[in-house]
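Okay, here's what each chain looks like letter by letter:
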Amino acid sequence: MNIITCIAPVNIAVIKYWGKRDEKLILPLNDSVSATLNLEQMHAKTTVMISPDFKEDKIWLNGKEESFHNQRLQNCLQEIRRKAKLEEDGDDDGISNWYIRICSENNFPTAAGLASSAAGYACLVYALARLYNVSGDISGIARQGSGSACRSLLGGFVRWNKGCASDGSDSIATQIVPESHWPDLRILILVVSDKRKKVSSSSGMKNSVETSDLLKYRVSHCVPQRTEAIIKAIQKKDFETFAEITMKDSNQFHAVCLDTFPPNVYMNDTSHAIVNFIHAYNKACGKTQVAYTFDAGPNACFYLLESEIPRLLTAVNHIFPSEDRSVEYIRGIPSETTVITQEFYDRMGMQPQEPGLLKYIIHTRVGSGPQVLKEPHHHLLTEAGLPKATVKN
């Protein structure tokens with residue numbers, strides 16, 4: 001019996017990945033740039049276990065057994081096993097021939113536009129590589145599970161290079177700066193909905209590639225320039241430039257989604273109210289203090305500096321009041337609020353929304369890549385290869 005448990009982070013893109021040039025290999029139309037979020041607040045956790053006693057492969061996701069015949073899962077596992085066989089010199093009795101058990105869970109909403117598949121596949125591939133003692137770059141393998149999973153294998157700010165090779169060998173993730181580079185940068189996740197979205201990212205982007213003229217223009221004219229500009233802003237810690245590009249790219253991504261036929265509608269009325277709120281807030285501040293970005297879902301991600309957290313959270317609480325104070329509304333890194341004058345709210349010119357539009361807020365920061373958890377109590381599987389969550393005491 002061999003067993004490994006790992007955790008892997010969420011990443012939130014500031015230059016979005018949307019559209020593939022190769023559906024099978026998951027090769028993107030354009031480069032993308034993201035920040036890896038701290039593992040303490042949001043992560044996927046996966047236990048992988050192999051044994052000569054197992055009679056079949058099995059997988060459990062968030063407490064529910066799933067089919068093992070998922071093609072993306074198979075692609076990742078087969079590639080790791082192929083590399084492991086090379087290390088074993090083709091030994092038919094090697095561990096690469098044993099059946100496997102996989103158990104994975106997220107500590108944040110799944111399939112709600114918070115990059116759960118990226119964290120999940122990054123965690124799976126990282127754990128498999130440790131289990132089978134596979135070395136070298138594995139971002140190309142993670143990409144075959146979920147495109148943006150390759151970015152969750154590295155900490156700090158990460159660039160996923162679209163590559164040019166037809167086999168995808170140069171479509172890999174590289175680190176722009178480490179997690180320590182911009183220590184006072186903070187991220188707030190505003191959870192508008194934790195429900196599964198109606199149109200999956202895979203289906204949505206396939207439709208966009210087939211029907212959106214705006215996507216073609218974005219890929220050829222906008223993303224190359226924006227990618228280089230935002231990388232320079234990150235390296236220089238130029239927040240205002242970083243923020244402007246981040247918001248413009250988010251807006252254009254969702255414009256592409258609406259230019260798709262039929263349209264992919266990921267943002268809702270609350271999402272648009274949050275966009276209006278940030279523009280009003282920055283106007284009242286007299287400069288750009290906060291940037292928003294939305295992935296393929298209604299939930300907002302804010303980038304801002306640590307010094308701005310108290311005022312921003314106070315304004316959020318005022319404009320988007322909580323409905324149920326018994327619920328932990330602000331989670332993650334401990335946060336403080338402050339006092340904001342009526343004059344500031346007058347400059348914003350935005351009235352408080354109805355209570356309860358936001359479910360909760362996660363306060364986090366830029367973090368590291370995946371980690372191995374070495375204590376036995378971290379394992380999600382028992383020694384028999386069954387989920388601990390389903391074992392009766």
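The structure presented is a predicted model; accordingly, all values stated were derived computationally and were not measured.

Caption draft 1: Highlighting the side chain of Gln 252. Looking at where Gln 252 falls in the secondary structure, it is placed in helix H6 (residues 239-259). The exposure class of Gln 252 is buried, given its relative accessible area of 13%. If near-sequence neighbours (up to four positions away) are discounted, Gln 252 is found in contact with Arg 218, Cys 222 and Arg 226.

Caption draft 2: Highlighting the sheet that holds strand E2 (residues 11-15). Strand order in this open sheet of 4 strands is E2-E5-E10-E11, and the pairing throughout is antiparallel. For this open sheet the edge positions go to E2 and strand E11 (173-177), each flanked by a neighbour on one side alone. Mean inter-strand twist for the sheet, computed between neighbouring axes without regard to direction, equals 35 degrees. Judged from the 4 bridges that link them, E2 and strand E5 (residues 32-36) form a sheet pairing that is antiparallel. Of the residues in E5, the one forming a bridge with Asn 11 is Thr 36. Its contacts with the sheet put helix H5 (residues 213-236) on E2, E5, strand E10 (157-160) and E11, and the angle it makes with E2 is roughly 115 degrees. Its contacts with the sheet place H6 against E2 and E10, and it is angled at close to 95 degrees to E2.

Caption draft 3: Highlighting the packing of helix H7 (residues 269-285) against helix H8 (residues 309-319). The N-to-C vectors of H7 and H8 enclose an angle of 130 degrees; their axes lie 12 Å apart at closest approach. On the basis of their axis angle, the class for H7 and H8 is oblique. In this structure, the crossing between H7 and H8 has a hand that is right-handed. Contacts from Phe 277, Ile 278, Tyr 281 and Cys 285 of H7 reach H8 at Arg 311, Leu 312, Ala 315, Val 316 and Ile 319. Looking at the contact of H7 with H8 residue by residue, the class counts come to 8 nonpolar, no polar and 1 charged.

Caption draft 4: Examining the nonpolar core more closely. Core analysis: the largest hydrophobic core is formed by 100 residues, its most contacted members being Phe 277, Phe 302 and Tyr 303. Excluding its chain neighbours within four sequence positions, the residues that come into contact with Phe 277 are Phe 302, Leu 312, Ala 315, Val 316, Ile 319, Phe 320, Met 348 and Met 350. Core analysis: the next-biggest nonpolar cluster, separate from the first, contains 15 residues, Trp 18, Ile 26, Ala 173 and Phe 253 among them.

Caption draft 5: Representation of the packing of aromatic side chains. Per the counting criterion, the structure on display carries 13 aromatic pairs. Between the aromatic rings of Phe 242 and Tyr 303, the centroid separation amounts to 5.4 Å while the plane-to-plane angle is 90 degrees, which identifies the pairing as edge-to-face. Note that Phe 242 is positioned in helix H6 and Tyr 303 in strand E14 (residues 300-305), a separation of 61 residues in sequence. The same class applies to Phe 242 as to Tyr 303, namely buried. In this arrangement the basic side chain of Arg 130 is found over the ring face of Tyr 126, its NZ or CZ atom lying 3.9 Å from the centre. The lysine or arginine in question, Arg 331, covers the ring of Tyr 360, its NZ or CZ lying 3.6 Å from the ring centre.

Caption draft 6: Summary view of the environment of Ser 169. On the secondary structure map, Ser 169 appears in the loop between E10 and E11. For Ser 169 and Leu 27, which are 142 residues apart along the polypeptide, the C-alpha to C-alpha distance reads 9.8 Å. For Ser 169, the side chain forms a polar contact with the side chain of Asp 167, separated by 2.8 Å.

Rules and cut-offs
- Residues numbered from 1 in each chain as written.
- Predicted model: local features only at pLDDT ≥ 70, side-chain atom pairs only at ≥ 80, totals over all residues.
- Heavy atoms only, no water.
- Helix = DSSP H or I, 4+ residues; strand = E, 2+ residues; numbered from the N terminus.
- Buried < 20%, exposed > 50% of the residue type's maximum accessible area, 1.4 Å probe, protein only.
- Contact = heavy atoms within 4.5 Å.
- Pairing = 2+ DSSP bridges.
- Axes fitted to C-alpha atoms, helices over the stretch in contact; angles between N-to-C directions.
- Parallel < 35°, antiparallel > 145°, perpendicular 65-115°, else oblique.
- Left-handed = near helix turned anticlockwise from the far one by under 90°.
- Nonpolar A, V, L, I, M, F, W, Y, C, P; charged D, E, K, R; others polar.
- Core = buried A, V, L, I, M, F, W, Y, C linked by side-chain atoms within 4.5 Å.
- Phe/Tyr/Trp six-rings, centres within 6.5 Å; stacked < 30°, edge-to-face > 60°.
- Lys NZ or Arg CZ within 6 Å of the ring centre and 35° of its normal.
- Polar contact = N/O pair within 3.5 Å; in protein donor to acceptor, adjacent residues only side chain to side chain.

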